[in-house]
Amino acid sequence: SPVMAVSACFAGPLFNILFAFGLPLGVLTYQTPTWFISFQLTGLLYWLVWSHIAAIVAMLVVMPLNHWRLGVRFAYVLLFIYTVVLIVTIVIVY
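The structure reproduced in this document is the subject of the present report. Note that the structure is predicted; figures quoted are calculated from it, not measured.

Along the chain, the position of Ser-51 falls in helix 2 (residues 43-65). Overall, the relative accessible area of 9% leaves Ser-51 in the buried class. Within the structure, the side chain of Ser-51 is placed 2.9 Å from the backbone oxygen of Leu-48, a separation counted as a polar contact.

Given below as structure tokens:
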């Protein structure tokens, strides 16, 4: 159903970010006596976070304007955003 697909678009990346960072940082916080953790943020992490935020904001703006219907053009825009994020991520890593 379309509701399930829209939910997956939001929940998938959000779950990955929360689970991939939340679980290890939670364990590290529990093991650290001062409960203070310091770590370096890299350009790749900034890029991934801001690209996810941009895609979610785009969906939150466009979908209500289209009466919660996803058109073919918007699907192509999301695929384009995904392709750009993937290519830039590969370029940054290698």
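Taking 1.5 Å per residue as the helical rise, helix 2 with its 23 residues ought to reach 33 Å, and the 33 Å between its terminal C-alpha atoms agrees with that figure. Of all the residues in helix 2, the buried ones are Ser-51, Ala-55, Met-59 and Met-63. Where helix 2 is buried, its residues contact helix 1 (2-31) and helix 3 (72-93). Where helix 2 ends, the next residue or the one after it, His-67, has phi of about 55 degrees, a positive value.

This part is about the side chain of Thr-89. Mapped onto the secondary structure, Thr-89 falls in helix 3. Only 2.6 Å separates the side chain of Thr-89 from the backbone oxygen of Val-85, close enough to count as a polar contact. Not counting residues up to four positions away in its chain, the partners in contact with Thr-89 are Leu-44, Trp-47 and Leu-48.

Positive phi outside glycine occurs at His-67, with the angle close to 55 degrees. Structurally, the position occupied by His-67 is in the loop between helix 2 and helix 3. Notably, Trp-68 is not glycine yet its phi reads approximately 60 degrees, a positive angle. Counting through the fold element by element, Trp-68 comes out in the loop between helix 2 and helix 3.

Time to look at the packing of helix 1 against helix 2. The description of two helices packed together rests on the angle between their axes and the distance between the axes. Running from N to C, helix 1 and helix 2 point in directions that differ by 155 degrees, and their axes come no closer than 11 Å. Between helix 1 and helix 2, the interaxial angle falls into the category roughly antiparallel. In the packing of helix 1 onto helix 2, the handedness of the crossing is left-handed. In contact with Val-6, Cys-9, Phe-10, Pro-13, Ile-17 and Phe-21 of helix 1, helix 2 contributes Leu-45, His-52, Ile-56, Met-59, Leu-60 and Met-63. Of the residues contributing to the contact of helix 1 with helix 2, the split by class is eleven nonpolar, one polar and no charged.

Bringing helix 1 into the picture now. Between its terminal C-alpha atoms helix 1 stretches 43 Å, which fits the 44 Å expected from 30 residues at 1.5 Å a residue. At Ala-8, helix 1 is bent by approximately 25 degrees, the largest bend along its length.

What counts and what doesn't
- Residues numbered from 1 in each chain as written.
- Predicted model: local features only at pLDDT ≥ 70, side-chain atom pairs only at ≥ 80, totals over all residues.
- Heavy atoms only, no water.
- Helix = DSSP H or I, 4+ residues; strand = E, 2+ residues; numbered from the N terminus.
- Buried < 20%, exposed > 50% of the residue type's maximum accessible area, 1.4 Å probe, protein only.
- Polar contact = N/O pair within 3.5 Å; in protein donor to acceptor, adjacent residues only side chain to side chain.
- Expected span 1.5 Å × (residues − 1).
- Contact = heavy atoms within 4.5 Å.
- Axes fitted to C-alpha atoms, helices over the stretch in contact; angles between N-to-C directions.
- Parallel < 35°, antiparallel > 145°, perpendicular 65-115°, else oblique.
- Left-handed = near helix turned anticlockwise from the far one by under 90°.
- Nonpolar A, V, L, I, M, F, W, Y, C, P; charged D, E, K, R; others polar.
- Bend = angle between axes of the 7 residues up to and from the residue.

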